[in-house]
Amino acid sequence: MNRGLFSEPGGIESTAVPVNIENIDTDQIIPARFLKATSREGFGKNLFRDWRYLQNDESQPRIDFVLNDPTFKGRILVGAKNFGCGSSREHAAWAIKDYGFDVVVSSFFADIFKNNALNNSLLPVTISDAFLQSIFEELQKDPKTKLNVNLEKQRITLISTGAYEQFEINHYKKTCLLNGYDDIDYLLSIRSEIEIFESAHE
């Protein structure tokens, strides 16, 4: 099996897109009217749809919204506190991942969103309020500011200052992300251990 994208040597290093708005709920991430599809593809087009366009018209982008600002781009989305609150729709994680983000950073995630993200190869990184604010400040000063997210070491680093923090993650989910496993892949990877256990308990 192929190793997961989070096993890249040195971790993921990328510029970031800041959305400095607290209490972003899943309906703002992906409005309910776009939930009809059942496949995970195509949701990125409507990520933050009502914030990106005037009157839901793609010909009228809101120039003051960060996703419409070409100076901000990258594989890391930086959100403010209480990201992903509201309904439990898994489509929110689908939309963020489909848009091109691999990591979401915040000082607090709603539990259901966090689990949905982990189940869809989207890494939610929880950091302190103070470190989050310093990231927003650095990105505001220079949109080319990079972050390094090292899942193996469970560390996120602000490259411009060298400041870093450790972050927590469930060991099982960490193993899956590092190896590109879904739940079935994980069980297959420990098949020999399962067989040994079953033999010992016949």
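Let me sum up the structure you'll find in this document. (Residues numbered from 1 in each chain as written. Predicted model: local features only at pLDDT ≥ 70, side-chain atom pairs only at ≥ 80, totals over all residues. Heavy atoms only, no water.)

## Focus: the nonpolar core
Next, step 1: One finds Phe 48, Val 78, Phe 83, Ile 96, Phe 113, Leu 123 and Ile 156 to be the most contacted residues of the largest nonpolar core, which totals 54 residues.
Next, step 2: Beyond its immediate chain neighbours, meaning those up to four positions away, Ile 96 contacts Ile 29, Leu 47, Leu 77, Phe 83, Phe 101, Val 104, Phe 113 and Leu 122. (Core = buried A, V, L, I, M, F, W, Y, C linked by side-chain atoms within 4.5 Å. Buried < 20%, exposed > 50% of the residue type's maximum accessible area, 1.4 Å probe, protein only. Contact = heavy atoms within 4.5 Å.)

## Here's the deal with the sheet that holds strand E4 (residues 123-126)
Next, step 1: Strand order in the open sheet formed by seven strands is E4-E3-E2-E1-E5-E6-E7, with mixed pairing between adjacent strands. Across the chains shown, the open sheet's two edge strands, defined by having one partner strand only, are E4 and strand E7 (164-166). When the angles between neighbouring strand axes are averaged without regard to direction, this sheet yields 30°.
Next, step 2: Sheet topology note: the strand E2 (residues 76-79)/strand E3 (residues 103-106) ladder contains three bridges and is parallel. Each residue of the ladder has a partner; that of Val 78, found in E3, is Val 105. (Pairing = 2+ DSSP bridges. Helix = DSSP H or I, 4+ residues; strand = E, 2+ residues; numbered from the N terminus. Axes fitted to C-alpha atoms, helices over the stretch in contact; angles between N-to-C directions.)

## A short note on the packing of aromatic side chains
Next, step 1: Tallying each qualifying case throughout the model produces eight aromatic pairs.
Next, step 2: Here the aromatic rings of Phe 83 and Phe 109 are separated by 6.1 Å at their centres, their planes lie at 80°, and the arrangement is edge-to-face. Taken together, the residues span a long stretch of sequence, with Phe 83 in the loop between E2 and helix H3 (91-99) and Phe 109 in the loop between E3 and helix H4 (111-118) at a distance of 26 residues. Just as Phe 83 is buried, Phe 109 falls in that class too.
Next, step 3: The residue whose ring lies beneath Arg 155 is Tyr 164, and the NZ or CZ to ring-centre distance is 4.4 Å. (Phe/Tyr/Trp six-rings, centres within 6.5 Å; stacked < 30°, edge-to-face > 60°. Lys NZ or Arg CZ within 6 Å of the ring centre and 35° of its normal.)

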